[in-house]
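Commentary on secondary and tertiary structure
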Amino acid sequence: MADALSVIPAAVLRNLSDKLYEKRKNAALEVEGIVKQLASSGDHDKITAVINLLTNEYTYSPQANHRK
């Protein structure tokens, strides 16, 4: 998971859990761009780390804004 934290900036991770839709949307688009760059460079281990980070920290979170 340390790989994912080094790839995605802290501001983007913070905006993913913001209560405003626009901030969450922009952060999600940034994550999408990062994953596309990783895919084009062939770094599949970091993509897996990003997916695991998003799953563990946001999908399974007890806070509603994190799950959105």
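Throughout what follows, the structure given in this document is the object of discussion. (Residues numbered from 1 in each chain as written. Predicted model: local features only at pLDDT ≥ 70, side-chain atom pairs only at ≥ 80, totals over all residues. Heavy atoms only, no water.)

Attention shifts here to helix α4 (residues 44-59). Between the first and last C-alpha of α4 there are 21 Å, a value that for 16 residues agrees with the 22 Å anticipated at 1.5 Å per step. Taken as a whole, α4 has its buried residues at Ile47, Ala49, Val50, Leu53 and Tyr58. One face of α4 carries all of its buried residues, which in axial projection span an arc of 160 degrees. Those residues of α4 that are exposed and angled more than 90 degrees off the buried face are His44 and Asp45. (Helix = DSSP H or I, 4+ residues; strand = E, 2+ residues; numbered from the N terminus. Expected span 1.5 Å × (residues − 1). Buried < 20%, exposed > 50% of the residue type's maximum accessible area, 1.4 Å probe, protein only. Arc of directions from axis to C-beta.)

Once that is clear, we can look at the pattern of salt bridges. Overall, the coordinates contain two salt bridges when judged by the stated rule. Among the ionic pairs, Glu32 bridges to Lys36, the shortest N-O distance being 3.4 Å. Of this pair, Glu32 and Lys36 both sit in helix α3 (residues 21-41), four residues apart, which is roughly one turn of that helix. With a shortest N-O distance of 4.0 Å, Lys46 and Asp43 are connected by a salt bridge. For Lys46, a relative accessible area of 26% translates into the label partly exposed. (Salt bridge = Lys/Arg side-chain N within 4 Å of Asp/Glu carboxyl O.)

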